[in-house]
Amino acid sequence: MRRAVVIGAGGQIGRPAVAALARDGWAVTAASRGGGRDEAWPGDVRVARVDREDDAALGALIGDGCDLVVDVVAYDARHARQLTALAGRVGSAVVVSTVSVYEDGEGRGFDTMGEPGGHPRYPVPIGEDQPTVAPGDATYSARKAALERELLTAGGGPPTTVLRAGAVHGPHSPLPRELYFVKRNLDGRRRRVLAFRGASLFHTAAARNIAELIRLAAARPGSRALNACDPEPPSAAEIGAAVDAVMGVRTETVLPAGPPPPPSVGSSPWSAELPVVCDMSAAARELGYRPVVSYAESLPETVDDLTRRLAGRDWREAFPSLARVYPDLFDYAAEDAWFTGAA
């Protein structure tokens, strides 16, 4: 039986990846920092505890060898070198990266979005041949670019498929953008503001669709970078309406034409002045990829997960990563003051 090792198996992408491979007949070792999870895995799955930063522990996890390594938590060039060093014991690899590695023709990217005039003007859609930011260690995007560079250009490593994921959604997310709408509904907020007329597009990526890409890439090893996104990206307003529908509420949405009114009214994790939409034709062509779920179809389990995790807790405690990135996400006082001034 083909043997696969999934590193980061306890997380948002790792869980459906393990399940997809197991259903496809792989004997899977589901490895994570915490070890076993109470999962009803299909097929042949065993769990293992591993520290991703421990080279010796990672080598011991691979043992005498395996047919596939899936790494959903690799972050930089050092992690890439860990994988390439295992070339003689690994048949192929699939590694999750991000669409934030892309830059436009003027050198703008995700790292410049907060600067005046810094929002990138990407082609619509973005193909895998779009330039990427310079590899480095200063930012998330630069470190992911360094990871990709090392994996795809270093000689002697196993054939590696790099998957550039969009805005990942699904249960168990450490950075659940949908919380912006879910918490407001739970708090009884029946008016909201969405900047840029709610038309912002940041291509979504269901964890289950990424898992399907992992399954397909495992069956067709190669060295390549592929976008990993949903079939169609919903706009910010469409996401809000979809969450409302799942939760059975009605919300009035105010749609100013420009950026968020000061200080941050109408600024959501989806607010983007210009679209970030990825071309998925290469994945269809090279892997036969067909999405297994749409954004709307995947949303009920996301809403259920967020509602459960938020119950009786401050949102900053429940979602510390989101709070660090978006500290003013629920500034209701500023919003109410803006509504009063706009009336």
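Shown above is the structure to which this text applies.
This write-up is about the structure you can find in this document. (Residues numbered from 1 in each chain as written. Predicted model: local features only at pLDDT ≥ 70, side-chain atom pairs only at ≥ 80, totals over all residues. Heavy atoms only, no water.)

Turning to the overall build of the chain, a few remarks are in order. A tally of helices and strands in the chain yields twelve helices and eleven strands. Its C-alpha radius of gyration of 20 Å places the chain within 12% of the 20 Å reference for a compact globule of 343 residues. Taking the principal axes of the C-alpha coordinates as reference, the chain spans close to 70 × 45 × 35 Å. Taken across its 343 residues, the chain has 54% of its residues classed as buried. Taking the contacts inside the chain whose residues are at least 6 apart along the sequence as the reference set, 76% of them involve residues at least 24 apart. With an accessible surface of roughly 14500 Å², the chain has 50% of that area assigned to carbon and sulfur atoms. (Helix = DSSP H or I, 4+ residues; strand = E, 2+ residues; numbered from the N terminus. Rg over C-alpha atoms; globule rule 2.2 N^0.38 Å. Buried < 20%, exposed > 50% of the residue type's maximum accessible area, 1.4 Å probe, protein only. Contact = heavy atoms within 4.5 Å. Areas by Shrake-Rupley, 256 points an atom, 1.4 Å probe, with all protein chains shown as cover.)

With that settled, consider the nonpolar core. Considering soluble globular proteins, one finds that nonpolar side chains tend to be buried as a cluster. Residues Leu21, Ile210 and Ile214 are the most contacted members of the largest nonpolar core, which totals 69 residues. The leading source of residues in this core is helix α6 (residues 207-219), at eight residues. Setting aside chain neighbours within four positions, we find Leu21 in contact with Ala4, Val6, Trp26, Val28, Leu68, Val70, Ile214, Arg215 and Ala218. Residues Val5, Ala31, Val69 and Leu147 belong to the second largest nonpolar core, which totals 20 residues. (Core = buried A, V, L, I, M, F, W, Y, C linked by side-chain atoms within 4.5 Å.)

All chains considered together, the criterion is met by 20 salt bridges. The salt bridge involving Asp104 is made with Arg108; its shortest N-O contact spans 2.8 Å. A salt bridge links Arg316 to Asp314; the shortest N-O distance between them is 3.6 Å. A residue is classified by how much of its surface remains accessible, and Arg316, at 45% relative accessible area, is partly exposed. Salt bridges here are not isolated pairs; linked through shared partners, they connect Arg184, Arg189, Glu335 and Asp336. (Salt bridge = Lys/Arg side-chain N within 4 Å of Asp/Glu carboxyl O.)

The seven strands are arranged β3-β2-β1-β4-β5-β6-β10 in an open sheet whose pairing can be described as parallel. Looking at which strands have only one partner, the edges of the open sheet turn out to be β3 (44-49) and β10 (224-228). Going across the sheet, the axis of each strand differs from the next one's by a mean of 20°, ignoring polarity. Where strand β5 (residues 90-98) lies against strand β6 (residues 160-165), six bridges are found, and the strand directions are parallel. In the sheet register, Val96 faces β6, and the bridge partner there is Leu163. Against the sheet, α6 makes contact with β4 (66-71), β5, β6 and β10, and its axis sits at roughly 165° relative to β6, the strand it touches most. (Pairing = 2+ DSSP bridges. Axes fitted to C-alpha atoms, helices over the stretch in contact; angles between N-to-C directions.)

We now examine unusual backbone geometry. In the segment running from Val124 into Pro125, the intervening peptide bond is cis, with an omega of 0°. Here Pro125 is to be found in the loop between β5 and α4 (140-153). With omega at -5°, the peptide bond leading from Pro262 into Pro263 counts as cis. One can find Pro263 in the loop between β11 (252-254) and α8 (281-287). At Arg197, a position not held by glycine, the phi torsion is positive, near 60°. A relative accessible area of 55% means that Arg197 is categorised as exposed.

Read these as layout, nothing more, since geometry by itself doesn't imply function.
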